[in-house]
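# Secondary and tertiary structure notes
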Amino acid sequence: MNTIFDIIGPIMIGPSSSHTAGAARLGKMAHCIFRGVPSRVELTLYGSFAKTYKGHGTDKALLAGLLGFQEDDARIRVADELAKRDNMDYEFIESPLEVDHPNVVKFDMYDTGHRHMTVVGRSLGGGRIMITQVDGVDMEITGDEFTVVVFHEDRPGVISLVTQVLGESNINIAGMRVFKKAKHKDAVMVISTDSIVDAELVDNMRKCPGVRDLMTFDVL
Amino acid sequence: MSYSYETIEDIIRLAEEHSISFSDVVLQAELENYENDVETVMAAIDTRLQVFEKSIQAGLLNTGKTPSEMSGGQGAQLLAQGQPRFMSDLMYKSMTYAIAVNEANAKMFKVVACPTAGSCGVMPGCVKAVGEHYNLSHDDYVRGFLTGAGIGNVVTNRACVAGAVGGCQAEVGTASAMAAGAIVEMMGGTPRQVGNALAICMKNLLGLVCDPVAGLVEVPCIKRNGVYTAHALTAAEMAMAGIESQIPPDEVIETMNIVGRAMPAALRETSDGGLAKTLTGEKIAKRVRSL
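Residues numbered from 1 in each chain as written. Chains lettered and ligands numbered in written order. Predicted model: local features only at pLDDT ≥ 70, side-chain atom pairs only at ≥ 80, totals over all residues. Heavy atoms only, no water.

## Some words on the pattern of salt bridges
All names here are of chain A.
- In the structure shown here, the tally under the stated rule is 24 salt bridges over all chains.
- In this structure, the salt-bridge partner of R25 is E71, at a minimum N-O distance of 3.9 Å. Of this pair, R25 sits in helix 2 (residues 17–34) while E71 sits in the loop between helix 4 (58–66) and helix 5 (79–85), and the two are 46 residues apart along the sequence. For the pair formed by R25 and E71, the shared burial category is buried.
- Bridged by salt links that share partners, the residues R40, E42, D89 and E91 form one connected network. (Salt bridge = Lys/Arg side-chain N within 4 Å of Asp/Glu carboxyl O. Helix = DSSP H or I, 4+ residues; strand = E, 2+ residues; numbered from the N terminus. Buried < 20%, exposed > 50% of the residue type's maximum accessible area, 1.4 Å probe, protein only.)

## Section: helix 11 (residues 221–240) of chain B
- Across its 20 residues, helix 11 of chain B extends 28 Å between first and last C-alpha, which sits within 8% of the 28 Å expected from 1.5 Å per residue.
- By the criterion of burial, helix 11 of chain B is predominantly enclosed, with 14 of the 20 residues buried. (Expected span 1.5 Å × (residues − 1).)

## With respect to empty space enclosed by the protein
- Evaluation of the coordinates by the stated rule reveals one cavity of 30 Å³ or more.
- Of the volumes computed, that of the largest cavity is approximately 30 Å³.
- Lining the largest cavity are M1 of chain A together with Y5, E6, N153, V154 and N157 of chain B.
- When the residues that make up the lining of the largest cavity are grouped by side-chain class, the tally is three nonpolar, two polar and one charged. (1 Å grid on protein atoms, 1.4 Å probe; cavity = no way out; pocket = protein on both sides within 12 Å on 5 of 7 lines; lining within 4 Å. Points joined across faces, edges and corners; volume = space filled by probe spheres on them. Nonpolar A, V, L, I, M, F, W, Y, C, P; charged D, E, K, R; others polar.)

## Some details on the interface of chain A and chain B
- Between chain A and chain B, the residue contacts involve 26 residues of the former and 43 residues of the latter.
- Approximately 2900 Å² of surface area, both sides summed, lies buried where chain A meets chain B, with 63% of it carried by carbon and sulfur atoms.
- If you look at where chain A meets chain B, you find zero salt bridges.
- Put simply, chain A and chain B have 16 residue pairs in polar contact (both at pLDDT 80 or more) between them.
- Its residues assigned to classes, the side of chain A that touches chain B shows 11 nonpolar, 11 polar and four charged. (Contact = heavy atoms within 4.5 Å. Buried area = accessible area lost by both parts, 1.4 Å probe. Polar contact = N/O pair within 3.5 Å; in protein donor to acceptor, adjacent residues only side chain to side chain.)

## Looking at the UniProt feature "domain: Serine dehydratase-like alpha subunit" (unreviewed entry) in chain B
- In the numbering adopted here, UniProt assigns the feature "domain: Serine dehydratase-like alpha subunit" (unreviewed entry) to residues 18–276 of chain B.
- Between the first and last C-alpha atoms of residues 18–276 of chain B the distance is 49 Å; the span itself is 64% helix and 1% strand. (UniProt positions renumbered as here; feature names shortened; annotations may be inferred.)

## Some points on the layout of surface pockets
- Here the second largest pocket defines a volume of roughly 380 Å³.
- Lining the second largest pocket are 22 residues, with K54 and K60 of chain A together with P67, A106 and M108 of chain B positioned closest to its centre.
- For the lining of the second largest pocket, the residue count by class is eight nonpolar, six polar and eight charged.

## Section: a negative patch on the surface
All names here are of chain A.
- A surface patch of negative charge is lined by D6, D144, E145 and D194.
- Relative to the assigned elements, D144 resides in the loop between strand 7 (137–141) and strand 8 (146–153).
- Overall, D144 belongs to the partly exposed group, its relative accessible area being 44%. (Patch = residues over 30% accessible without salt bridge, like charges linked within 9 Å, V, L, I, M, F, W, Y side chains within 5 Å. Areas by Shrake-Rupley, 256 points an atom, 1.4 Å probe, with all protein chains shown as cover. Lys, Arg positive; Asp, Glu negative; His and termini not counted. Charge placed at Lys NZ, Arg CZ, Asp CG, Glu CD.)

Below you can see the structure in the form of structure tokens.
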């Protein structure tokens, strides 16, 4: 059983929950991961996204999300103009590659310095989304729950140190998965929690031996 | 005591056991499972009912064409014509409103997916037309909303509501079944009549394919939302007259799912078949690609 507001909802800018609302949420997620509006972004579209993005306003919705707008923000309709006004340089690339899902987008985001991040995500339908890769590391983030992503060394004991910090602060783990990136012996923990993890706790987790970096995601 | 439901029969049984309405069960289950208080749920319903209304107005007032030039302004055209030749006033209004909402959707105005964006017109069209025609109260709109949501919830969890999975019968079909049940509830029908309305409605749209021209949510989606308000009203009329569906609602929903999954991929939102592959459909697709 879902909440009734998943059934009659989301409130969104049309025309398509997967190609417009989902696209806006993917852009917003990329915006959160980049921690702001990039100065340049290359958006590579795959599958149905690549074929139908103009007619569905997928391009505008993705740009709106990157600017930090929600899926029900009327500014989606003019997001391409707003991107230009806010000096967010963008380029859409239609990939002919077949990927394992029909609605996939890859964001290559740059700032005016040397920072470059890559985020890959997919639109699952009904406005639901999933981020599947950040900087080449596989993961699964949906934006449905508060999520902590911990980049860490792949060795025994790190996971228990991190989860202990949460447990001691009485934060319940709703779900957890560990993904490995083979080449650097890095691993990523994706932990969804029943409540928000505050900045102090995030710092404590960051201090755990073996933890390289950490990101948090609010519910979208 | 739990009000949680998996099936339409669960909702009807719980309603009958407690002598409450179909929508009461849906509300109680929502409160129980999502730890919300009544005020929060009512406020969220109100917000959505307001977007229903605003999307109808947006569609009627903005008569421009979509970028594909396939649609726009037909809701307003119907409203201006005003005089139905074949339909009742209520039915004509439902159709007009539903088309307006889907035109608003195609032109990137704010809508509520119901259950999807492509099928977002049927529920608002039927609910508003019935509410206006019979001068119903705000509470009646809320009961209609809850009933539609409960039906959609069962279909979502036991079948599918995505055109890519089950064809248009899963999208506009579900929307139509939700609307049929909703208006029976608004008019004071019994929980069992709600079940019969949605079953009769869904039985008669099995096999409806999803074949959007150029992959856009326009043709045949917009007019189809209008057409299926009439379908919902027809099913609701029969149910309120005491006519029962020989096949129970849950079995109809299960059948919709089986039929949907048996459909060839070309007819499930890929635009590789049906109207999308007609001579004209292909021509339009070519034009849209070059926009």
